[in-house]
Amino acid sequence: TKDQLRKQMREFTENTQKELEESLSSYQARAVAAEEQLVEMQQYLTKTTVAYQKEIMRLRDVVAQHAPDAAKALRRGGIADGGGGGKTR
């Protein structure tokens, strides 16, 4: 009958809407968590990049003290492969 069909349609619509709202809520929570994780990762990368840059500068100073010619090559980018510019040691 028409009343039964309307009741079934209403129940279907309500159940579908409830399921969709639950899914939306779940997806929104996951998005917030992902955004928080992204912020944490960006902060970590910024912090570690600064630390690595400081360590690179410190190591360059050490090289400059012990091997001034190698330090000059480092500044020019001549020891990109770490092999001493092709010279044997």
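Residues numbered from 1 in each chain as written. Predicted model: local features only at pLDDT ≥ 70, side-chain atom pairs only at ≥ 80, totals over all residues. Heavy atoms only, no water.

When helices and strands are counted, the chain shows two helices and zero strands. With 89 residues in all, the chain has 4% of them scored as buried. (Helix = DSSP H or I, 4+ residues; strand = E, 2+ residues; numbered from the N terminus. Buried < 20%, exposed > 50% of the residue type's maximum accessible area, 1.4 Å probe, protein only.)

Moving on to the pattern of salt bridges. Taken as a whole and judged by the stated rule, the model has one salt bridge. With its nearest N and O atoms 2.7 Å apart, the salt bridge here joins arginine 58 to glutamate 55. Note that arginine 58 and glutamate 55 are positioned in helix 1 (residues 2–66) at a spacing of three residues, about one turn of the helix. Residue classification places arginine 58 among the partly exposed positions, given a relative accessible area of 42%. Assessed through its relative accessible area of 33%, glutamate 55 is described here as partly exposed. (Salt bridge = Lys/Arg side-chain N within 4 Å of Asp/Glu carboxyl O.)

Another aspect to go through is the confidence of the model for the chain. Per-residue pLDDT for the chain has a mean of 87; in total, 85% of the residues score no lower than 70. This model gives residues 80–89 a pLDDT under 50, and the stretch forms six contacts once residues within four places in sequence are excluded. (pLDDT = per-residue confidence, 0-100. Contact = heavy atoms within 4.5 Å.)

Residues Arg60, Lys72, Arg75 and Arg76 make up a contiguous surface patch of positive charge. Element by element, the count of residues in the positive patch is highest for helix 2 (residues 68–76), at three residues. Take arginine 75: it is sitting in helix 2. When its relative accessible area of 60% is taken as the criterion, arginine 75 is described as exposed. (Patch = residues over 30% accessible without salt bridge, like charges linked within 9 Å, V, L, I, M, F, W, Y side chains within 5 Å. Areas by Shrake-Rupley, 256 points an atom, 1.4 Å probe, with all protein chains shown as cover. Lys, Arg positive; Asp, Glu negative; His and termini not counted. Charge placed at Lys NZ, Arg CZ, Asp CG, Glu CD.)

Take the packing of helix 1 against helix 2 next. Where helix 1 contacts helix 2, the two axes come as close as 5 Å, and the packing angle between them is 140°. Relative to helix 2, the element helix 1 is oriented oblique. Contact residues: helix 1 offers Val63, Ala64 and His66, while helix 2 offers Pro68, Ala70, Ala71 and Leu74. Per-class residue counts for the contact of helix 1 with helix 2 are six nonpolar, one polar and no charged. (Axes fitted to C-alpha atoms, helices over the stretch in contact; angles between N-to-C directions. Parallel < 35°, antiparallel > 145°, perpendicular 65-115°, else oblique. Nonpolar A, V, L, I, M, F, W, Y, C, P; charged D, E, K, R; others polar.)

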